[in-house]
Amino acid sequence: MKKLTYSPPPGTAARTVPETSSWISPEGFQLPGRYGASDAEEGLPPAGQFPYTRGPYASMYTVRPWTIRQYAGFSTAEESNEFYRRNLVAGQKGLSVAFDLATHRGYDSDHERVVGDVGKAGVAIDTVEDMKILFRDIPLDQMSVSMTMNGAVLPVMAFFIVAAEESGVSTESLSGTIQNDVLKEFMVRNTFIYPPPPSMRIVSDVIRFASERMPLFNAISVSGYHMLEAGASADLELAYTLADGLEYVKQAITGGLKVDSFAPRVSFFFGIGMNVMTEVAKLRAARTLWAELMAQFNPKNPKSSKLRTHCQTSGWSLTAQDPYNNVARTTIEAISAICGHTQSLHTNALDEALALPTDESATIARNTQLILQQETDISKAVDLFGGSRYLEDLTRKLIQSARSHIREVDEVGGMAEAISRGIPKMRIEQAAAKRQARIDSAQEIIVGVNKYQASSQPQLPVREIDNASVRRLQVKRLEQVKADRDNSRVEESLKHLSAAASEPNGRLLEACIDAARARATLGEISETLVSVFGRHIAVAQSFTGVYASEFTERSTLDEVIQQSDIFFNQTGRRPRILVAKLGQDGHDRGARVIATAFADMGYDVDIGPLFQTPSETARQAIENDVHVVGISTLAGSHKTLIPELIQHLKDLGRGDILVIAGGVIPEQDIGYLKDAGVAEVFGPGTLIPEAAGKLLAILIEKSTLDTP
Amino acid sequence: MTNIDELFVAIREGDRAALARAITLIESRRSDDHAMRLELLELCHTDSTDSLRLAVTGAPGVGKSTLIEGLGLNFIENGAKVAVLAIDPSSTRTGGSILGDKTRMTNLSKNESAFIRPSPSSGFLGGVAEMTRETILLCEAAGYNRILIETVGVGQSESSVSQLTDLVLYVAISGAGDSLQGIKRGILETIHVVAVNKNDGSNERASASFAADLRNSLKLLKGSGPAAEVLLTSALTGNGVHELAQTIERLCHSLKDDDSFQSRRLDQRRLWFDDAVNYLLEQRISSDPRLFELKTALKGKIESEGTNPYAAALSLVNAILGS
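The structure contained in this document is the topic of the report that follows. (Residues numbered from 1 in each chain as written. Chains lettered and ligands numbered in written order. Predicted model: local features only at pLDDT ≥ 70, side-chain atom pairs only at ≥ 80, totals over all residues. Heavy atoms only, no water.)

1. Quick word on the pairing of strand S6 (residues 144-148) of chain A
Residues and elements named next belong to chain A. Selection criterion: When accessible area is computed with a 1.4 Å probe and restricted to protein chains, residues below 20% of their type maximum are described as buried, those above 50% as exposed, and intermediate ones as partly exposed. Helix numbers and strand numbers start at the N terminus; a helix is a DSSP run of H or I with at least 4 residues, a strand a run of E with at least 2. When DSSP locates at least two bridges between a pair of strands, those strands are taken to pair.
With five of its five residues buried, S6 lies for the most part within the structure. Bridging between strand S5 (residues 94-98) and S6 involves five bridges; their strand directions are parallel. Considered in S6, the bridge of Ala 98 is made with Thr 148. When S6 meets strand S7 (residues 175-178), the two strands line up parallel, connected through four bridges. Each residue of the ladder has a partner; that of Ser 146, found in S7, is Thr 177.

2. As for a negative patch on the surface
Residue and element names in this part refer to chain B. Selection criterion: Residues forming no salt bridge and having over 30% relative accessible area are the ones grouped into patches, like charges within 9 Å of each other and nonpolar side chains (Val, Leu, Ile, Met, Phe, Trp, Tyr) within 5 Å. Working definition of accessibility: Shrake-Rupley area with a 1.4 Å probe, residue cover restricted to the visible protein chains. Criterion for a salt bridge: a side-chain nitrogen of Lys or Arg within 4 Å of a carboxyl oxygen of Asp or Glu. Lys and Arg are tallied as positive, Asp and Glu as negative. Neither His nor the chain termini are counted. Note on charges: their place is set at NZ of Lys, CZ of Arg, CG of Asp or CD of Glu.
Where like charges cluster on the molecular surface, the negative patch consists of Asp 5, Glu 6, Glu 39 and Glu 42. Listing elements by their share of the negative patch, those giving two or more residues are helix H1 (4-12) and helix H3 (32-43). Within the secondary structure, Glu 42 sits in helix H3.

3. Considering helix H10 (residues 241-257) of chain B
Note the following rule: What a helix is expected to span follows from its residue count: subtract one and scale by 1.5 Å.
Look at H10(B): 25 Å from first C-alpha to last across 17 residues, which is about the 24 Å you get at 1.5 Å a residue. The complete set of buried residues in H10(B) reads Val241(B), Leu244(B), Ala245(B), Thr247(B), Ile248(B), Glu249(B), Leu251(B) and Cys252(B).

4. Things to note about the pairing of strand S11 (residues 309-313) of chain A
Residues and elements named next belong to chain A. Which entries qualify depends on this criterion: For crossovers, right-handed means that the path from the first strand over the helix to the second runs clockwise, given strands pointing away from the viewer.
Counting buried residues in S11 gives five out of five residues, a clear majority hidden from the surface. Burial along S11 is two-sided: the residues Thr 309, Cys 311 and Thr 313 and His 310 and Gln 312 are all buried. Once you follow strand S10 (residues 266-272) into helix H10 (residues 276-294) and on to S11, the crossover reads as right-handed. Of the strand pairs in this sheet, S11 and strand S12 (residues 344-346) are connected by three bridges, and their pairing is parallel. Bridge pairing in S12 places His 310 opposite Ser 344. Running through helix H11 (residues 325-339), the crossover from S11 to the neighbouring parallel element S12 is right-handed.

5. Points about the interface of chain B and chain A
Note the cut-off: Only heavy atoms matter for contacts: two residues are in contact if any of them lie within 4.5 Å across the pair. When two components associate, each loses some accessible surface as probed by a 1.4 Å sphere; the sum of these losses over both components is called the buried area. In the analysis that follows, any N or O atom pair within 3.5 Å is treated as a polar contact, provided that within protein one partner can donate a hydrogen and the other can accept it, and provided that, for residues neighboring in sequence, both atoms belong to side chains. Gly is put with the polar residues, along with every residue not named as nonpolar or charged; the nonpolar set is Ala, Val, Leu, Ile, Met, Phe, Trp, Tyr, Cys and Pro, and the charged set is Asp, Glu, Lys and Arg.
Counting from both sides, the interface comprises 37 residues of chain B and, opposite them, 45 residues of chain A. Of the roughly 3,100 Å² buried at the junction of chain B and chain A (both faces included), carbon and sulfur atoms supply 51%. Its largest share of buried area at the contact with chain A, chain B owes to Thr94(B), Ile98(B) and Thr103(B), together 20% of the area lost on that side. Here chain B is connected to chain A by two salt bridges. Residue Glu623(A) is joined to Arg16(B) by a salt bridge in which the shortest nitrogen-to-oxygen separation is 2.6 Å. The tally of links from chain B across to chain A stands at 15 residue pairs in polar contact (both at pLDDT 80 or more). Elements represented by at least two residues in the side of chain B that touches chain A include exactly helix H2 (16-27), strand S3 (97-99), helix H5 (106-110) and strand S4 (114-120) of chain B. Per-class residue counts for the side of chain B that touches chain A are eleven nonpolar, 14 polar and twelve charged.

6. A closer look at the nonpolar core
Inclusion rule: Among buried residues, the Ala, Val, Leu, Ile, Met, Phe, Trp, Tyr and Cys ones that are joined through side-chain atoms within 4.5 Å form a nonpolar core.
Grouped together as the largest cluster of nonpolar side chains are 139 residues, with contacts concentrated most on Val97(A), Met147(A) and Met157(A). When sequence neighbours within four positions are dropped, the list of residues in contact with Val97(A) reads Tyr71(A), Ala72(A), Tyr84(A), Val123(A), Leu134(A), Phe135(A), Val145(A), Ser146(A), Met147(A) and Thr148(A).

7. Notes on the environment of Pro689(A)
Residue and element names in this part refer to chain A. Inspection of the secondary structure puts Pro 689 in helix H26 (residues 688-706). Taking the C-alpha atoms as reference points, Pro 689 and Phe 598, 91 residues apart in sequence, are found 8.1 Å from one another. Dropping the residues within four chain positions of it, Pro 689 is found in contact with Asp 440, Tyr 547, Phe 551, Thr 556, Leu 557, Val 560 and Met 601.

Have a look at this one:
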């Protein structure tokens, strides 16, 4: 790897620092808006100067605070549109769209594989007509729009551009961000469609288009958030995110772009966990490392080396138990993001460990930021904690550790290659298994979960989505669009898209925009590309032993192992469980941690492939003749898909196979699931040995009844 | 509780769940299940001659599962029914294991003409070979005629798996430490076909030269007989997988044309007998507390009193015969 240095590119170091306003505190102190380099023990360059450790801009929030950008999307375009408009009135400055899983994976709402996924975890978008409803009465030339889309980025960008065009807004005047970060999908989030090489080509195509036509639009948001959520430690999140960013920059330059034509529009997205100073240090370290990594491309524009980022408080750190505590957690994380100088921020709602937020909880989440912004002194100075020995030391340590992970990636030939070898995914999963073991053995405390448990739980109202009726509405609208359109024009545009995809340098987004104008659907566009590129199937390596070795409460673990031995002696085989996910929900951290932990406690564990239908999972369960199917669900499709699975097992003559469920399941759904035949529901925060033991007790009792 | 005759009828009728439960019975270590297991074996004792039993072996990470998916789908296209028995080595200290094969065979696992059963390798009486042997017979009784047995190529497993199968396919990749020297001579001698997998992208040149090297040394090794065939495959792109399936079918036909197919299976049945004798003796010892104690005591004496192992074995056998 090229030797990296801190030396600033010529012409950037000597810039003058603009004045920031000072303010007078209630104590009467006249306080400057920025403390000079001489005040910081390390003598770091001030904010706004290479390597931007203290902030990308000189004056930071003293002149303009961070953007409050709440990520939301609710089922239908109509509902989401109303929600956005209410929030804009209430002071939100940008909007951020969450799409449903069917859309992410390139399926129309009427596809058989997405029956339980339509309208879950975000808005369903099938055609440009849905997109037009989504942005109705929102002036797209004045509003910055952030869209979390990776797999189906081409049709979604095309729909966005055409929806704007048809409301009289030019492509050039659109501002906002598209996530378009496919590498982390292969690592942690799993909402990919095509194999890695064509997926990387699509990323580059979007970057190219934006560099030509959308000067105000961030064509990529390189995301570490999902790594943090999947269990990555701060240094892993930092290293792999920057290594992903580096891979995109290299690919764009190989594709013929000049670094300064697109690098200023590369943005980042980090997750913020509970360790206050670590998170502040992480953002400072990220800016420093990015500036030094970009130096190898000799950018002339200083903006090319400035890391600008969006942040979101950690959803994983929220608990279903004692959910009001989550307001405190989110506030603490927001403070870290702000002190680390994020450019925009999403704060999670207190009920997000249970379901999508209600209007009330979303309001608290947004107000948390307004309070920090307007009631406190947090915006009054630049790099508040800069110079703190603790912070500077943490920043330095994170930089060093991340550098060594980046070097490892570099040595195997870059991030695309490292991902195809499964290195980062493995590292992150091992970190997640260790973390879970530390929590389950109370080395790490989570208030209300493994210590200070409340004797009673408040009943929170939870947003419920009627998935079937959303699907009916979408299917009806799809039929309408298909009836009204000129099918020969659609066919022609898709043929053109297929031809563009077959050529190595074919312009994909232009072809998709044309198809969108002709009212081709998201599914049709994606299928056309699948027929050229193929569909990616995820393969993950598994490991054992990590959980058990990190778990310090030996006796708890031994108890479960002993029980599994009892079961073994009684039935002649190990307890066998199929850990599966249903539908398009690709968040597999929980499933994979459970799998490795259960194996460490004496279970034989089958891992089901991602994106299965209930009938496919049922077949695997009976072929492997498992005792239990454990469904991990995080996207709210459990009420549709789990009863279906139970029915399939019955139809195959194996109604005796137990079905258990875990993940994000609101309290009020538990009765419904049990009535449908689910043997046990393990909510978030369940200690794994406890679940494994409880399940064994059920199995032992059952086998005693079965044995004459 | 389980009616074996009914179970067997269901297996013959292609009931997936019945076959799965029968395999469980074979995997069971509970002594109550042994009688039923024998009964079941009696029912499907006839050796199917129109089947092909194929071992697929190779180091971890060479892409065996993905290649099996491609091969299996090819066999099915030609009208075959495919059973895949995957022996998973990932047992932990506590006896549990992770069996993730189906994540690598998503298309095959959905196919109506396929049956895939991953089994943990640890904890079977009589060992992996015993269990696999019986499971093959069950799958054949259920009408599957292409039986693919996936094992990880470490230690003795290649030679033991060659004693259960008609053909051995060895999967290798260029580089990554799987050099020619890395393949043990004893393994090479049992192989019929080598697939040099991951022949795609930047790997193509290295794969071709690795394949050429392999061909040369396999020729030297075999002397006058036919050397193992070496093919280039990419489970990722699918290149070479169809050719591999055809090569395997062709080899199968030529084996069946002369007597070698039948005589190999007969040898395997004799070996089964030998294995079974040892196994049943072991069984007898461990189920009889007196014999078990004697065995433990004799073993202890070898260490503590320097007893001659041969003499110790003789007194144990005498005790068995006298009991």
